[in-house]
Amino acid sequence: MINIYQPQKVKVISVVKESVDTRLLRLSFVDRKTQKSFSYLPGQFMQIGLSNWGECPISICSSPSNSEKFFELSVRDVGNLTHKLNSLKKGDEVYVRGPYGNGFDTGLFKNQELLLIGGGCGFIPLRPLIKDVISDKLKVKSLKIFYGCLNEDTLLFKKELAGWNRKSELSTILEKPTKKWAGEKGMVTDLFKTRKVSPDSVVVMVGPPIMYRFVIKELKKKKIKDKNIYLSLENRMYCGVGVCQHCAIGPYYVCKDGPVFCYRDIKKYM
Amino acid sequence: MKQDELNKFLKSLKKEYFLFAPKVDGQNSVISEVNDIKAIDWSGKMPKNSWKKIFLPARENMFDLNKDFKGASGQHPMVAAVGMNIVDFKALTLFDLVFSKDVYYNRRRKNTLTVGLSVNGPNDYKKYKVFSHNYEENILEHIKFDIFLMKKRGGSYRVYSGSQKGKNILNELKIKDYEHIEFAGAISEQGPDKKMLELKKKMEKSKDRAIWGQLNDICIACGKCSIVCPTCFCFDIEDSSDLNNNTRSRKWGNCFYNDFSKVAGGHKPLDTVSKKIFFWYYHKFVRTPHEYQIPGCVGCGRCSKVCPVGIKINEVLKKI
């Protein structure tokens, strides 16, 4: 019988300091066969851990098109384990299990006016979707990206943002920028005041629970239907396979039935 | 089978197995290890604690961290759980489904022999005032047991086998007078329990009921109900070390405890007592029926007995 809790060893191929508190880790399974047969969907997550430090769920932020070579996780330093993970160097070894969760059903976004809304490190799981649109792997009618962040220091994927803007309409807004910031200042919801958002848009949002509450209000003003709103939830979890109960929300489990939910299905439990 | 024959049977079981059974402890019946067979409580009274520690220990090693996440060894003790009642078997049937893919559970389960007990017929669960659902007439077909003892009015026992393992043991000990019952699945032929479905519907619509606010003021979130509950199986996974060991282990979780839902950064979906208790009821009466089509509460009433502030589950269910 396979042990569903067995972690596999992965090697750190590279580390990029994405922001003041976030590292982008490129990882590859030490066992080559495992890496070769590894596949995942945008929006899925891994349990990453270290001996004596436990495990935590982290969204995969690379595009699945490179899945047989490597995968990437962006880890924000918010606790004991993630602090430790932020100190990893090239060549270090860590342990993972997964991928877990349903991921985004990208078929639903095909030929749609796609609006991606990310708040803070919630922006991370949107990256594989953006990459797939940019590389034409996922064909959409149009792509708008709303990215809200605290300040320049915490802004993620800085080197990639300009490239994304060429093929999409990317709006970045900072809550508390320095004086040097030439862009917009405010909350991610402020972008709705100046941007045109079609009522037929399909929306994917990822961010803290409080962001959802305010963004949904704006989406309702724009007459976007519940069935066209998707969001990804982050709950405490241990097992990753819908047993331990920590991540339960209503009749669902974030780890198994989520983390991506259609707002129509989940709204009464939020 | 007469009582002295039964004692003889248990004595020979004891050679191979660690025996666990209900024992009289003051006014209570408490499940614990048995050294003297005479100490077993055959009254059929609902024990204060549940059997779950036999199948899901409060803490169990999963991996040896000193050995590169080598899985903990499969050496599980042979345990005979003697005197499990009908509702406890219902809980075990649920565990079998929940942990069907869990290597640790299955190893342990394989080394466990279950011996059921019912006093004056399988209808004896009625004396526990089971409130959450109706049990079928042919209940023994819908629970998974190895051997089942039905105590008759005269004090002798009718013996049933429910598995090949049970049969083998009975045959080995030359007990011939028994009937075999084939497990027909956890759900009865008539489909999922109607009372369970009714309760599920009510629970789903109960979010705004006054009862949750009232419980918020009474319940002290001590979590004792979860600890005694035979179906509460939440767990945490934790790395820990001492002088000799360095392990990743699984330990009982408790949805009443403060960090149950807390995530890094401090956000906590279950941030009030009323949300916690709602979560507990929702798991038993909605989530479990939704996933497995069987009730998440077997109606044993242990939670009501142990609650320090007198919350009675059957009273709560009337108000949802």
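Residues numbered from 1 in each chain as written. Chains lettered and ligands numbered in written order. Predicted model: local features only at pLDDT ≥ 70, side-chain atom pairs only at ≥ 80, totals over all residues. Heavy atoms only, no water.

## Section: the overall build of chain A
Phase 1 of the analysis: Within chain A one finds seven helices and 15 strands.
Phase 2 of the analysis: Here the C-alpha radius of gyration of chain A, 18 Å, is about what a compact globule of 270 residues would show, namely 18 Å.
Phase 3 of the analysis: Considering only contacts in chain A between residues 6 or more positions apart, those separated by 24 or more positions represent 67%.
Phase 4 of the analysis: Carbon and sulfur atoms provide 51% of the accessible area of chain A, an area that totals close to 12100 Å². (Helix = DSSP H or I, 4+ residues; strand = E, 2+ residues; numbered from the N terminus. Rg over C-alpha atoms; globule rule 2.2 N^0.38 Å. Contact = heavy atoms within 4.5 Å. Areas by Shrake-Rupley, 256 points an atom, 1.4 Å probe, with all protein chains shown as cover.)

## Details of empty space enclosed by the protein
Residue and element names in this part refer to chain B.
Phase 1 of the analysis: Evaluation of the coordinates by the stated rule reveals nine cavities of 30 Å³ or more.
Phase 2 of the analysis: Taken as a whole, the largest cavity spans an internal volume of roughly 170 Å³.
Phase 3 of the analysis: In terms of lining residues, the largest cavity is bounded by 17 residues, among which Cys 219, Cys 225, Ile 277, Cys 307 and Ile 311 are the most central.
Phase 4 of the analysis: Secondary structure elements with two or more residues in the lining of the largest cavity: helix H8 (224-228) and helix H9 (273-292).
Phase 5 of the analysis: Top contributing element to the lining of the largest cavity by residue count: H9, with three residues.
Phase 6 of the analysis: For the lining of the largest cavity, the residue count by class is 15 nonpolar, one polar and one charged.
Phase 7 of the analysis: The space that makes up the second largest cavity amounts to roughly 90 Å³.
Phase 8 of the analysis: Lining the second largest cavity are 14 residues, with Cys 229, Pro 230, Cys 297, Cys 300 and Cys 303 sitting closest to its centre. (1 Å grid on protein atoms, 1.4 Å probe; cavity = no way out; pocket = protein on both sides within 12 Å on 5 of 7 lines; lining within 4 Å. Points joined across faces, edges and corners; volume = space filled by probe spheres on them. Nonpolar A, V, L, I, M, F, W, Y, C, P; charged D, E, K, R; others polar.)

## A few points about a nonpolar patch on the surface
Phase 1 of the analysis: Taken together, the side chains of B:Ile218, B:Ile220 and B:Val309 present a nonpolar region at the surface, about 250 Å² in accessible area.
Phase 2 of the analysis: What makes B:Ile218 partly exposed here is its relative accessible area of 41%. (Patch = residues over 30% accessible without salt bridge, like charges linked within 9 Å, V, L, I, M, F, W, Y side chains within 5 Å. Salt bridge = Lys/Arg side-chain N within 4 Å of Asp/Glu carboxyl O. Buried < 20%, exposed > 50% of the residue type's maximum accessible area, 1.4 Å probe, protein only.)

## As for the interface of chain A and chain B
Size of an interface, as often reported, equals the accessible area lost when the parts are brought together.
Phase 1 of the analysis: Each partner contributes to the interface: chain A provides 37 residues, whereas chain B provides 40 residues.
Phase 2 of the analysis: Buried area between chain A and chain B, both sides added, is near 3100 Å², and the carbon and sulfur share of it is 56%.
Phase 3 of the analysis: Between B:Asp68 and A:Lys9 there is a salt bridge, with its nearest N and O atoms 3.4 Å apart.
Phase 4 of the analysis: At the boundary of chain A with chain B, the tally comes to 21 residue pairs in polar contact (both at pLDDT 80 or more). (Buried area = accessible area lost by both parts, 1.4 Å probe. Polar contact = N/O pair within 3.5 Å; in protein donor to acceptor, adjacent residues only side chain to side chain.)

## What to know about the sheet that holds strand S9 (residues 178-180) of chain B
Residue and element names in this part refer to chain B.
Phase 1 of the analysis: Pairing in this open sheet of seven strands is mixed, and the strands run S2-S1-S5-S6-S7-S8-S9 from one edge to the other. Taken across any chain shown, the strands that pair with only one partner, and hence form the sheet edges, are strand S2 (28-33) and S9. Sheet twist, expressed as the mean angle between neighbouring strand axes with direction ignored, is 25°.
Phase 2 of the analysis: Pairing of strand S1 (residues 18-25) with S2, which is carried by six bridges, proceeds in the antiparallel orientation. Directly across from Asp 25, in S2, lies its bridge partner Asn 28. (Pairing = 2+ DSSP bridges. Axes fitted to C-alpha atoms, helices over the stretch in contact; angles between N-to-C directions.)

## Remarks on the sheet that holds strand S7 (residues 113-119) of chain A
Residues and elements named next belong to chain A.
Phase 1 of the analysis: The sheet built from seven strands is open, its strands ordered S10-S9-S8-S7-S11-S12-S15 with mixed pairing. Strand pairing shows two members of the sheet lacking a second neighbour, strand S10 (184-185) and strand S15 (260-262), which therefore form its edges.
Phase 2 of the analysis: Looking at chain direction, strand S12 (residues 229-232) and S15 are connected through three bridges and run antiparallel. Opposite Ser 232, over in S15, you have Val 260 as the bridge partner.

## Focus on the packing of aromatic side chains
Phase 1 of the analysis: Throughout the structure, instances matching the rule amount to 36 aromatic pairs over all chains.
Phase 2 of the analysis: Ring centres of B:Phe63 and B:Tyr104 lie 6.4 Å apart, and the angle between their planes is 90°; on these two criteria the pair is classed as edge-to-face. Taken together, the residues B:Phe63 in strand S3 (residues 59-64) and B:Tyr104 in helix H4 (residues 103-110) connect sequence positions 41 residues apart.
Phase 3 of the analysis: Here B:Phe63 falls in the buried class, since its relative accessible area comes to 1%.
Phase 4 of the analysis: Its relative accessible area of 1% is what places B:Tyr104 among the buried residues.
Phase 5 of the analysis: Relative to B:Phe233, the ring of B:Phe99 has its centre 5.8 Å away and its plane inclined at 80°; by these criteria the two rings are edge-to-face. Taken together, the residues B:Phe99 in the loop between helix H3 (86-98) and H4 and B:Phe233 in the loop between H8 and strand S10 (235-241) connect sequence positions 134 residues apart. Residue B:Phe99 shares its accessibility class with B:Phe233, and that shared class is buried.
Phase 6 of the analysis: Following the ring pairs from residue to residue traces out a cluster consisting of A:Tyr252, A:Phe261, A:Tyr269, B:Trp212, B:Phe256, B:Phe278, B:Trp280, B:Tyr281, B:Tyr282 and B:Phe285. (Phe/Tyr/Trp six-rings, centres within 6.5 Å; stacked < 30°, edge-to-face > 60°.)

## Digging into the confidence of the model for chain B
Residues and elements named next belong to chain B.
Phase 1 of the analysis: Scored by pLDDT, chain B comes out at a mean of 90, with 94% of its residues at no less than 70.
Phase 2 of the analysis: For chain B, strand S4 (residues 70-71) is the element with the lowest average pLDDT, namely 78, and H8 is the one with the highest, namely 97.
Phase 3 of the analysis: In the predicted complex, the global pTM is 0.92; the interface-specific ipTM is 0.90. (pLDDT = per-residue confidence, 0-100.)

## Some details on the packing of helix H6 (residues 194-204) of chain B against H9(B)
Residue and element names in this part refer to chain B.
Phase 1 of the analysis: The geometry of H6 relative to H9 is characterised by a closest axis approach of 9 Å and an angle of 135° between their N-to-C directions. Accordingly, the angle class assigned to the pair H6 and H9 is oblique. Pair H6 / H9 crosses with left-handed handedness. Contact residues: H6 offers Met 196, Leu 199, Lys 200, Met 203 and Glu 204, while H9 offers Phe 278, Tyr 281, Tyr 282, Phe 285, Val 286, Pro 289 and His 290.
Phase 2 of the analysis: Along the lines of polarity and charge, the residues of the contact of H6 with H9 split into nine nonpolar, one polar and two charged. (Parallel < 35°, antiparallel > 145°, perpendicular 65-115°, else oblique. Left-handed = near helix turned anticlockwise from the far one by under 90°.)

## Points about H4(B)
Residue and element names in this part refer to chain B.
Phase 1 of the analysis: Of all the positions in H4, only Val 103, Tyr 104, Tyr 105, Arg 108 and Arg 109 are classed as buried.
Phase 2 of the analysis: Contact partners of the buried residues in H4: helix H2 (52-55), S3, H3, strand S6 (112-119), helix H5 (164-172) and strand S11 (246-252).
Phase 3 of the analysis: The N-cap of H4, judged by a side-chain oxygen 3.0 Å from the amide nitrogen of Tyr 104 a few residues on, is Asp 102.

## As for the environment of B:Pro269
Phase 1 of the analysis: Relative to the assigned elements, B:Pro269 resides in the loop between S11 and H9.
Phase 2 of the analysis: Of the residues examined, B:Pro269 reaches a relative accessible area of 28% and is grouped as partly exposed.

## So, the side chain of B:Thr112
All names here are of chain B.
Phase 1 of the analysis: Inspection of the secondary structure puts Thr 112 in strand S6.
Phase 2 of the analysis: A polar contact of 2.7 Å, which involves the side chain of Thr 112, links it to the backbone oxygen of Arg 108.
Phase 3 of the analysis: Apart from the residues within four sequence positions on either side, Thr 112 is in contact with Ile 54, Phe 55, Val 79, Asp 146 and Lys 165.

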